[in-house]
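Read off the chains here:
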2 protein chains.
Amino acid sequence: MTSKLLVVGSVAFDTIQTRAGKVEEALGGSATYVSLAASRFAGVNLVGVVGEGDFPQEHVTLLKSRGVDVAGLERAKGRTFRWSGVYADDFSSRTTLDTQLGVFESFDPKIPAPYLDSRYVLLGNIHPALQLKVLDALPRAEFVAADTMNLWINVTRPELERVVSRVHLLVVNDEESFLLTGERQVRLAADRILAMGPSAVIIKRGEHGALLFTRDSVFYTPGLPLPEVVDPTGAGDTFAGGLLGYLAGESAHDVASIRRGMLYGTALASYAVQGFGVTPLTNLTRAQIDSRYDEVRKLTSVEG
Amino acid sequence: MTSKLLVVGSVAFDTIQTRAGKVEEALGGSATYVSLAASRFAGVNLVGVVGEGDFPQEHVTLLKSRGVDVAGLERAKGRTFRWSGVYADDFSSRTTLDTQLGVFESFDPKIPAPYLDSRYVLLGNIHPALQLKVLDALPRAEFVAADTMNLWINVTRPELERVVSRVHLLVVNDEESFLLTGERQVRLAADRILAMGPSAVIIKRGEHGALLFTRDSVFYTPGLPLPEVVDPTGAGDTFAGGLLGYLAGESAHDVASIRRGMLYGTALASYAVQGFGVTPLTNLTRAQIDSRYDEVRKLTSVEG
C-alpha cells in the first residue's frame, strides 16, 4: 500500500546567480522542490498559491506530468512570490537581493476535500499559525514533518512550539536548532527538541549531510562530495521531499524507513545542486536515483 | 605480525582556555597526542625534542607506561615548545595568545639506529625539508602518512610538493586542501592531491568528520555528536594517531584497513575532546574504545 504526500508551502520564481551562471525567474519555492522530489516515490497533493496572471501553464503541466496533483494550487489576485539571490563562489553563503512575497504574503492554505484524509504531510516553512490550521484540518494525519525558519522562531515562538509539539518530525538546520534551543552542541539541541514533543528531529548541516535523532538513536547521512555544484537552491527542500515521498510511498515511518528516506533525499539533493533550479529533478530516471542511493550508502561502508 | 609506528613531531606545553575551564602548561604537542593514541594499538617510537631543564620526568614516565619508546626524545639546551590559546564558546574558532617555539625552532630530527627499519611512519607537521630528511633515513618505510600546515604550503611549497609526492597518505583539513590545490570542492581538491603522488588523502572536517579519497573510492567517517566538548586541542592528531597506530598494529594498509583505522581514530578523538589535554587518552580501556568504535559505525547504519 502506498500513501500520497500532502505538501503545503511556497511556489515561487527564483532569480539565481552563482559562479556557474544565472537563471531568471525559474520555477522554485519550497513546495515545488519538495513536490518534484517526493513525486519520484509517491503521489503528491500540493497546496500553495500563485498569481492569477503570471504563472505559466507550462509549470502546471510539468508538475502534473510528474504526478503532482495541483487541485490545491490556488490562483490569487496579484503576483507570484519572487526571490532573487547571489551565492558566494565557494557556496558558503548567499545574499538575498530581492524578495517580493506577492500573493504568498496573505497565503491562507485551503485543503481541498479529497486531501482531508491525508496520512503523510510535509508542512513547509509558513507561519506557524497556518501550520496549526492545516494540522487541525487533517484528522487522519499519521506522520507529519515540519520545516521552519529563524523568523518564526524569533517572532512567533509560542505558536511554533505548539506546532513542534504536534508533529512527528521536525526538520531544521544547525542555526535554527541553536535559535530554537539555545544549545550549540547538536546532540543537546536535539534532546531539547525531542523533549518538546516530536519523536524525531533531523538537523541539516549543508554539504556535510544531516543527522537524525530519536529518543534512543542517532543516524548520520553524509553529503556526497561532488566535483561540481551549480546551484544549491532548494537542496534542503529536495532532501526533505525525497525523504517524505519515500515514507509516503512505503506507507512506513519506522526509524529504518526514515533512515532509508534520508539516503534517498540525499541522493536527490546531490542531483538537484548539479543544475539550476528544479531542472535536474525533472529528468532523473529511477535507475539514476538508485545508483546514487548506493553511492551514498557506500560512502560509509568499510567493506566498500 | 604487528609493526611499530615511528612518529616525528612536536612535544609541547599547552595552556588552554575553553568555556569548560582552563589548564596551564599541560602536556601537549602533535607527537604526544599521536603517540598516546597510536600506542593503544601498536608500539610507538617517538622522535621529538624538549627542553633539557623544564620537561618533568612524570611526562616521560607517562609516555613509557603507555608503550611509547622515548629513545628518540631529544633533550636540548633551552625551553620546551609552549603554546597558549583560547577557544570560542561554540568551538568554531580559536585564538592563539602566545607561541614560544623554544627548542622546537631548531628541531633537527635524529632517528635512533633501532628505528631505521621503521615500516609505518607518521611525519608530523614540521618543516618539509625535515620531513624529507626523515624519509631519506628510512629505506624500509612501507606506509608513510604526513601532516602539514598553511605556513609550509605558503612558504615552502616546492619542498612540500616533494614530500607529498613521496608519502602514501596525506592528512590535511579543508582549508589546507584548498590552499594546496586552489580547489574549494573537496572532491576536486582530493583529485589534485592524488595526482601529486599519494595513493590516499584524508581531508579532515572538524566535528563533521573526515573523508578518505583514493583513486577509485571515497569513504566518510562522521564525527560523533557529543553532549559535551571540553577541549578540542589535539583532536586531529588523536585521529591520525589512532588511524596510524591501528595500521601499524595490523601491519596492513589496504583501503578497508585505513577505513577501520579512521573509525578507531574517530572513536579516540571523541574521547580526547571530552577532557583537557591528553588526560582522557591515558585512562581509556580497550573496551571503551571498542564500544565507541561500534557507536561510530552504527551512526551510519540503516539497520541500527
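Because the structure is a prediction, the values reported are computed rather than measured. (Residues numbered from 1 in each chain as written. Chains lettered and ligands numbered in written order. Predicted model: local features only at pLDDT ≥ 70, side-chain atom pairs only at ≥ 80, totals over all residues.)

## Topic: the overall build of chain A
On a plain count of helices and strands, chain A comes out with eleven helices and 13 strands. For a compact globule of 304 residues, the expected C-alpha radius of gyration is about 19 Å, and chain A comes in at 18 Å, within 12% of that figure. If you line up chain A on its principal axes, its C-alpha atoms span 55 × 45 × 40 Å. Counting only residues that meet the buried cut, chain A has 51% of its 304 residues in that class. Summarising the internal contacts of chain A: among those between residues at least 6 apart in sequence, 65% fall at separations of at least 24. (Helix = DSSP H or I, 4+ residues; strand = E, 2+ residues; numbered from the N terminus. Rg over C-alpha atoms; globule rule 2.2 N^0.38 Å. Buried ≥ 20, exposed ≤ 12 C-beta atoms within 10 Å, placed from the backbone. Contact = placed C-beta atoms within 7 Å.)

## Brief notes about the nonpolar core
As a rule of thumb, soluble globular proteins bury nonpolar side chains together. Judged by nonpolar contacts, the single largest core of 192 residues is most densely connected at V7(A) and V7(B). Excluding its chain neighbours within four sequence positions, the residues that come into contact with V7(B) are A31(B), V34(B), S35(B), A38(B), V44(B), N45(B), L46(B), V47(B), L122(B) and G124(B). (Core = buried A, V, L, I, M, F, W, Y, C linked by C-beta atoms within 7 Å.)

## A short note on the pairing of strand β5 (residues 68–76) of chain B
All names here are of chain B. Where strand β4 (residues 44–51) lies against β5, seven bridges are found, and the strand directions are parallel. Within β5, the residue paired with V50 across the bridge is R75. Between the parallel elements β4 and β5, the chain passes through helix α2 (residues 57–65) in a crossover that is right-handed. (Pairing = 2+ DSSP bridges. Right-handed = clockwise from strand over helix to strand, strands pointing away.)

## Section: the relation of the copies chain A and chain B
Its rotation angle being 180°, the transformation that places chain A on chain B also includes 0.0 Å of axial translation and leaves an RMSD of 0.0 Å. The superposition of one copy onto the other is thereby described by a two-fold rotation axis. (Least-squares fit on C-alpha atoms with pLDDT ≥ 70 in both.)

## Considering the packing of helix α1 (residues 30–38) of chain B against helix α8 (residues 235–250) of chain B
Residues and elements named next belong to chain B. Running from N to C, α1 and α8 point in directions that differ by 45°, and their axes come no closer than 7 Å. With respect to α8, the element α1 is oriented oblique. Two packed elements cross with a definite hand, and for α1 against α8 that hand is right-handed. Contacts between α1 and α8 involve S30, Y33, V34, S35, A37 and A38 from the first element and D237, T238, A240, G241, G242, L244, G245 and A248 from the second. In terms of residue class, the contact of α1 with α8 is built from seven nonpolar, six polar and one charged. (Axes fitted to C-alpha atoms, helices over the stretch in contact; angles between N-to-C directions. Parallel < 35°, antiparallel > 145°, perpendicular 65-115°, else oblique. Left-handed = near helix turned anticlockwise from the far one by under 90°. Nonpolar A, V, L, I, M, F, W, Y, C, P; charged D, E, K, R; others polar.)

## Some details on the sheet that holds strand β13 (residues 217–222) of chain A
Residue and element names in this part refer to chain A. Pairing within the open sheet is mixed, and its nine strands lie in the order β5-β4-β1-β8-β9-β10-β11-β12-β13. Edge strands, defined here as strands with exactly one partner in the open sheet, are β5 (68–76) and β13. In this sheet, adjacent strand axes meet at a mean angle of 15° when their direction is disregarded. Two elements, strand β9 (residues 143–147) and strand β10 (residues 169–173), share three bridges in a ladder whose sense is parallel. Considered in β10, the bridge of A145 is made with L169. The strands touched by helix α7 (residues 186–195) are β10, β11 (200–204) and β12 (209–214); relative to β11, the strand with the most contacts, the crossing angle is about 145°.

## Observations regarding the interface of chain A and chain B
Taken together, the contacts link 28 residues of chain A with 28 residues of chain B. Breaking the side of chain A that touches chain B down by element, the ones donating at least two residues are α7, β13 and α9 (255–272) of chain A. If one sorts the elements of the side of chain A that touches chain B by residue count, β13(A) sits on top with five residues.

## Remarks on helix α9 (residues 255–272) of chain B
Because an α-helix completes one turn every 3.6 residues, residues spaced three or four positions apart along the sequence face the same direction. When the terminal C-alpha atoms of α9(B) are compared, their 25 Å separation across 18 residues agrees well with the 26 Å that a helix rising 1.5 Å per residue should span. Within α9(B), 15 of the 18 residues are buried, leaving the element largely enclosed by the surrounding structure. (Expected span 1.5 Å × (residues − 1).)

## Here we look at the environment of W152(B)
All names here are of chain B. The residue W152 is located in helix α4 (residues 150–155) in this model. Considering only alpha carbons, one finds W152 and A129, 23 residues apart in sequence, at a separation of 10.0 Å. Beyond its immediate stretch of four places on either side in the chain, W152 contacts H127, P128 and L160.

## Considering unusual backbone geometry
Unlike most non-glycine residues, F91(A) shows phi in positive territory, near 60°. Within the element layout of this structure, F91(A) appears in the loop between β6 (81–87) and β7 (94–100). Positive phi values are uncommon outside glycine, yet E25(B) reaches one of about 45°.

## Focus: the confidence of the model for chain A
Taken as a whole, chain A shows an average pLDDT of 96; of its residues, 100% reach a score of 70 or greater. Complex prediction metrics read pTM 0.94 and ipTM 0.90. (pLDDT = per-residue confidence, 0-100.)

## As for the environment of F219(A)
Relative to the helices and strands, F219(A) resides in strand β13. Given 24 C-beta atoms within a 10 Å radius, F219(A) is considered buried. Considered as a pair, F219(A) and I202(A) are 17 residues apart in the sequence and their alpha carbons are 9.3 Å apart. Once residues lying within four places of it in the same chain are set aside, the contact partners of F219(A) are L212(A), R259(A) and L299(B).

## Digging into the pairing of β13(A)
Residue and element names in this part refer to chain A. Both β12 and β13 contribute to a ladder of six bridges, which runs antiparallel. Bridge pairing in β13 links L211 to Y220. The turn joining β12 and β13, which pair antiparallel and follow one another in sequence, is formed by two residues.

## Regarding the sheet that holds strand β2 (residues 12–18) of chain B
Residues and elements named next belong to chain B. Spatially, four strands are ordered β3-β2-β6-β7 in an open sheet, and the strand pairing comes out mixed. Lying at the two open borders of the sheet, with one neighbouring strand each, are β3 (21–28) and β7 (94–100). When the angles between neighbouring strand axes are averaged without regard to direction, this sheet yields 15°. The pairing of β2 with strand β6 (residues 81–87) spans six bridges and is classified as parallel. Paired with F13 across the bridge in β6 is R82.

## With respect to helix α8 (residues 235–250) of chain A
Its 16 residues give α8(A) an end-to-end C-alpha distance of 23 Å, which sits within 8% of 22 Å, the value for a rise of 1.5 Å per residue. Directly beyond the C-terminal end of α8(A), a positive phi value near 50° is found at S251(A).

## A word on the environment of I258(A)
Residue and element names in this part refer to chain A. Topologically, I258 is positioned in helix α9. For I258 and L243, which are 15 residues apart along the polypeptide, the C-alpha to C-alpha distance reads 7.0 Å. Excluding residues within four positions of it along the chain, I258 makes contact with A200, L212, L247 and H253.

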